[in-house]
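Here are the chains, one letter per residue:
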Amino acid sequence: MQVVRTRAELRAVLAAAPRPVGLVPTMGWLHAGHVSLVERARADSATVVMSIFVNPRQFGEAADFEQYPRNEGRDLERAEAAGVDIVFAPTVAEVYPPGFDTVVSVGAISWPLEGAARPGHFDGVATVVAILFALVGAERAYFGLKDYQQVRVIRRMALDLALPTTVVPCETVREPDGLALSSRNARLTPAGRAAAPVLRRALLAGSAAIAGGERSGDAVRAAMRGMLETEPAAEPDYVSVADPDTLAELETIDREALLSLAVRIDGVRLIDNEMTRA
Ligand code: PAF
């Protein structure tokens, strides 16, 4: 596995790399969810590139950026064991050199949910992913569906900018108790970790209500909130039952619905979602 830190080094190693190339963009603190993305990329690609970059432009609060878990040595070991060929681990100045003054801002799909709760977040994500897509020129890039809206935003951005990289959405990987894997889980206290599976239980309460015939969006949101209220440590940010294409909240559930939520536990903001069919 080669580790490169500059745009020029990346271009040089890629010039000699067999195609197709699969890209797995990450912010490090690798877990089994990232490994599953690498496995998927490995199956499709002759060369697997992983980027490891904690992108300051997608964090609203400086504290959230500072506290994001980092351990490059551990990440490189895990990347190599997972079968990555090239790791791109740049500095902030390498990604955003002096004079950098461009923002990639995706429209309506980025506005609700995470976009409303974290102003500027998706501009930061779309900008860094556009740079990564331009630098790597991969045939495919792999993203986890825990961040469903992120996948939709990136796909829109790649289509609209005619970037040659196809976005491949990959299933969420979960702990045995249902908690979606996330680098942020590392920041939970033991009590917070014990409380965190309530996100999954809330999603399952919503989908059980739909499976039981409930068609009111408000009633399903109430079922999800009710489950969150059983866990005193859980502070909901939003609870949503939305059209998976537009992410507009559904009044009546008469088609596929995306159930999603964002919840703070121990001050750590966790998100998860579940797709259901009426
Ligand atoms: O999902 C993430 O880890 C990040 O948002 C991404 C896509 C690597 C961009 O920084």
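Please refer to the structure higher up on the page.
A. Inspection of the site of the ligand at higher detail. Taken together, the neighbourhood of the ligand is formed by Pro25, Thr26, Met27, Gln58, Val128, Phe143 and Gln150. In the environment of the ligand, an oxygen atom lies 2.6 Å from a nitrogen or oxygen atom belonging to the side chain of Gln58. Take Gln150: an N or O atom from its side chain is 2.7 Å from an oxygen atom of the ligand. With the chains in place, 88% of the 290 Å² that the ligand exposes on its own is no longer accessible. Looking at the shell around the ligand residue by residue, the class counts come to 4 nonpolar, 3 polar and no charged.

B. Fine view of the packing of aromatic side chains. What the rule picks out here adds up to 5 aromatic pairs. With centroids separated by 6.2 Å and ring planes inclined at 55°, the aromatic side chains of Phe53 and Tyr96 adopt a geometry described as tilted. Placement of Phe53 in the loop between β3 (47-52) and α3 (62-67) and of Tyr96 in the loop between α5 (92-95) and α6 (114-117) is noted, with a sequence separation of 43 residues between them. Side by side, Phe53 and Tyr96 carry an identical accessibility label, which is buried.

C. Highlighting the sheet that holds strand β7 (residues 234-242). Ordered in space as β7-β8-β9, the 3 strands form an open sheet in which the pairing is antiparallel. Two strands in the sheet have a free side with no partner beyond their single neighbour: β7 and β9 (268-276). Within this sheet the neighbouring strands show an average axis-to-axis angle of 15°, counted without direction. As paired strands, strand β8 (residues 257-265) and β9 are joined by 9 bridges and run antiparallel to one another. When the bridges of β9 are listed, Leu259 appears paired with Glu274.

D. A look at the sheet that holds strand β5 (residues 140-144). As summarised here, the arrangement of the 6 strands in space is β1-β4-β3-β2-β5-β6, forming an open sheet in which the pairing is parallel. Looking at the sheet topology across the chains shown, the edges are occupied by β1 (2-4) and β6 (166-170). Taken over all neighbouring pairs, the strand axes of this sheet differ in orientation by 25° on average, direction set aside. Here strand β2 (residues 21-26) runs beside β3; their pairing, made up of 6 bridges, is parallel. Residue pairing across strands places Val24 opposite Met50, the latter belonging to β3. The sheet strands contacting helix α2 (residues 32-44) are β2, β3, β5 and β6, and the helix crosses β5 at an angle near 155°. Running over the sheet, helix α7 (residues 121-136) touches β2, β3, β4 (86-88), β5 and β6 and is turned about 150° from β2.

E. Geometry of the environment of Gly226. In this structure, Gly226 sits in helix α11 (residues 217-229). Assessed through its relative accessible area of 33%, Gly226 is described here as partly exposed. For the pair Gly226 and Ala205, spaced 21 residues apart in the sequence, the C-alpha separation amounts to 8.8 Å.

F. Here's a closer look at the pattern of salt bridges. One pass over the full model with this rule turns up 21 salt bridges. For Glu72, the salt bridge identified is with Arg5, shortest N-O distance 2.8 Å. Highlighted residues: Glu72 in helix α4 (residues 72-82) and Arg5 in the loop between β1 and α1 (7-15), separated in sequence by 67 residues. Residue class for Glu72 comes out partly exposed when judged on its relative accessible area of 34%. Notably, a salt bridge pairs Arg19 with Glu139, separated by 2.9 Å at the nearest N-O pair. You can see Arg19 sitting in the loop between α1 and β2 and its partner Glu139 sitting in the loop between α7 and β5, a full 120 residues away along the chain.

Here is what the cut-offs are and how they apply
Residues numbered from 1 in each chain as written. Predicted model: local features only at pLDDT ≥ 70, side-chain atom pairs only at ≥ 80, totals over all residues. Heavy atoms only, no water. Near = heavy atom within 4 Å. Polar contact = N/O pair within 3.5 Å; in protein donor to acceptor, adjacent residues only side chain to side chain. Areas by Shrake-Rupley, 256 points an atom, 1.4 Å probe, with all protein chains shown as cover. Nonpolar A, V, L, I, M, F, W, Y, C, P; charged D, E, K, R; others polar. Phe/Tyr/Trp six-rings, centres within 6.5 Å; stacked < 30°, edge-to-face > 60°. Helix = DSSP H or I, 4+ residues; strand = E, 2+ residues; numbered from the N terminus. Buried < 20%, exposed > 50% of the residue type's maximum accessible area, 1.4 Å probe, protein only. Pairing = 2+ DSSP bridges. Axes fitted to C-alpha atoms, helices over the stretch in contact; angles between N-to-C directions. Contact = heavy atoms within 4.5 Å. Salt bridge = Lys/Arg side-chain N within 4 Å of Asp/Glu carboxyl O.

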